[in-house]
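Coordinates in review
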Amino acid sequence: MGQIGTTDTQMLFIDAFLQNNRLDHVTQVMGYHPQYLECFLRTQHFMLRGDGPLPYDYRHYIAMIAAGRHQCSYLINLQKQEFLLQGGDPRWLRGLDHIPQKLRDLYEINKILAHRPWLINRSHIQKLTKGKDSWSLSEVVHAIIILVHFHSLSSFVFGCGINAEIDEESGHTFRPPSLSNEPVGIGSVGVGGGESGGGGGGSDSEVPSSPSPTASDLEGGVEILMQKMKSLSERTAAETTLEEMAKRFERVECQTVEISSGGELVLVPKAEISCFIQDSGFTYQDFAKRGEVSDIPTFRVQDYSWDDHGFSLVNRLYNDVGTLLDEKFKTAYSLTYYTMGIRKHVDTTMFRRAIWNYIHCMFGIRHDDYDYGEVNQLLERDLKTYVKTVCCYPERTSKKSYHSVMRDFRHSEKVHVNLMMLEARMQAELLYALRAIMQHMT
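Since the structure is predicted, the reported quantities are computational estimates derived from the model, not experimental observations. (Residues numbered from 1 in each chain as written. Predicted model: local features only at pLDDT ≥ 70, side-chain atom pairs only at ≥ 80, totals over all residues. Heavy atoms only, no water.)

Let's shift gears to the confidence of the model for the protein. Of all residues in the protein, 83% attain a pLDDT of 70 or more, and the chain-wide mean is 86. In this model, residues 178–190 is a region of pLDDT below 50 whose contacts with residues beyond four sequence positions or in other chains number 46 contacts. (pLDDT = per-residue confidence, 0-100. Contact = heavy atoms within 4.5 Å.)

Following this line, the structure appears as structure tokens:
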């Protein structure tokens, strides 16, 4: 699925350093996949530093409160520095009680989108766009894109165990797990390093790394997955009723409730970031437990999709960003090197689609034309648990969980899976937000 880039990556690293005067660990880990990294850097640069309706200090402060929902001190500290470089008021860094009312009004949708995006509706948009400290619709869209970007980026930071740079407290230099594309299981700082990443993870020695799998282990795990994909692809094209397809979605949705990801306990935010967080007890709740189905029905992509609806709405209210997001979504979803572990010439489409659609399922989004039976066939329970933790409770992701799943995948392939989690989660949040904006406009 994934591999380390070389010359292309180095050129992107140079560009990133010249733009930011630093080469952060997120960029270095994404460097495994230069095609994606190029899209990511271009999009992030545009939303934070390009043309747009929001002042530059607002952009970085919004990024901070977004990362705060998952207690991601790594991203908060990076954005603090950018906020000050853009002339931001240092008093705002004392916390949410010291910022303009206009910014405080944004916090409700920040909280909802981060944990239960299906709760957002037109009334939330109306509250922002009316009154003394009102937002324009273009400002709302810009703010929402920054929010969902940093919610999802927090998932990537914790999912890959990314720690702070050497110039930050508890920081490390980056050491890639291998320059020769070794199999997983090699202790590292930057990929799977630290107990929980996010800027304050423990040392490498706190949780022992899983033993490196042998060649036979690698082949065995991949072989089983490849056999399942082959079997699914060879099924006869027997007509499956719409009712049966719906039942398979509901089955996966209900099984997700049974998967524990440690989300029952609420982590107390560290003192230095708690001032950017309100209502820390508001966390992800399984969509299947949302209450009356009639009040919050399943989000059907056939009724409102990114391609047919979201893309054009975003581009209309915030020029060009829709094109950048679209390229980033598609690159993460379709990226492949036709490898899986030590095997080559592998069509990974089915596995990638199962990961993407499973994440959407956790957020109540259903693709009517997809057979959700494939999710249970291709994704082991441990992998589902890891995906749910990274997407819904990323601050609870541990080094042990990173090393215990996809043991036969290379580090670069695990990074690729985390990129898909980042983008699928971001698209899910964005779909709910954009639908609410559309409802407000009509």
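Anyway, onward from the coordinates.
A word on a nonpolar patch on the surface. On the surface, M11, I14, F17 and L18 cluster together into a nonpolar patch covering about 420 Å² of accessible area. Checked against the element boundaries, I14 lands in helix α1 (residues 7–20). By relative accessible area, I14 is classed as partly exposed at 44%. (Patch = residues over 30% accessible without salt bridge, like charges linked within 9 Å, V, L, I, M, F, W, Y side chains within 5 Å. Areas by Shrake-Rupley, 256 points an atom, 1.4 Å probe, with all protein chains shown as cover. Salt bridge = Lys/Arg side-chain N within 4 Å of Asp/Glu carboxyl O. Helix = DSSP H or I, 4+ residues; strand = E, 2+ residues; numbered from the N terminus. Buried < 20%, exposed > 50% of the residue type's maximum accessible area, 1.4 Å probe, protein only.)

Inspection of every chain in the model, using the stated rule, returns 21 salt bridges. Taking the shortest distance from any N to any O, the salt bridge between K230 and E234 comes out at 2.8 Å. We note that K230, like E234, is exposed. Among the charged side chains, a network of salt bridges with common partners joins R300, D303, R366 and D368.

Let's shift gears to the packing of helix α13 (residues 306–317) against helix α14 (residues 321–334). Look at α13 against α14: their axes get within 7 Å of each other, and the N-to-C directions meet at 145°. Along the contact surface, α13 presents W306, D307, F311, V314 and N315, while α14 presents V321, G322, T323, L325, D326, F329 and K330. A per-class count over the contact of α13 with α14 returns six nonpolar, three polar and three charged. (Axes fitted to C-alpha atoms, helices over the stretch in contact; angles between N-to-C directions. Nonpolar A, V, L, I, M, F, W, Y, C, P; charged D, E, K, R; others polar.)

Our next topic: the nonpolar core. The biggest cluster of nonpolar side chains holds 132 residues, and the ones touching the most others in it are M30, Y61, F156 and F351. When residues of this core are assigned to their parent elements, the largest contribution, 16 residues, is made by helix α19 (residues 411–441). (Core = buried A, V, L, I, M, F, W, Y, C linked by side-chain atoms within 4.5 Å.)

Turning our attention to α14. An α-helical turn contains 3.6 residues, so a residue and the one three or four places further along point in the same direction. The terminal C-alpha atoms of α14, which comprises 14 residues, lie 20 Å apart, in line with the 20 Å expected from a rise of 1.5 Å per residue. Taken together, the buried positions of α14 are V321, G322, L324, L325, D326, K328, F329, T331 and A332. In this structure, the buried residues of α14 make contact with α3 (34–49), α9 (137–159), α13, α15 (349–362) and α19. (Expected span 1.5 Å × (residues − 1).)

Moving on: the environment of F329. Residue placement: F329 occurs in helix α14. Overall, F329 belongs to the buried group, its relative accessible area being 3%. F329 sits 293 residues away from Y36 along the chain, and the two C-alpha atoms are 9.3 Å apart. Ignoring anything within four residues of it in the chain, the contact list for F329 reads W306, W356, E423, M426, Q427 and L430.

The next point concerns the packing of aromatic side chains. Evaluated as defined, the whole model comprises 19 aromatic pairs. For the pair Y61 and W92, a centre-to-centre distance of 5.9 Å together with 90° between the ring planes defines the contact as edge-to-face. Taken together, the residues span a long stretch of sequence, with Y61 in helix α4 (residues 56–68) and W92 in the loop between α5 (73–85) and α6 (101–104) at a distance of 31 residues. Note on accessibility: Y61 and W92 belong to one class, buried. Members of the aromatic cluster, joined through ring pairs, are Y58, Y61, F83, W92 and F276. Between the NZ or CZ atom of R116 and the centre of the ring of F282, over which it lies, the distance is 4.1 Å. Stacked on the ring of Y402, the Lys or Arg K414 has its end atom at 4.5 Å from the ring centre. (Phe/Tyr/Trp six-rings, centres within 6.5 Å; stacked < 30°, edge-to-face > 60°. Lys NZ or Arg CZ within 6 Å of the ring centre and 35° of its normal.)

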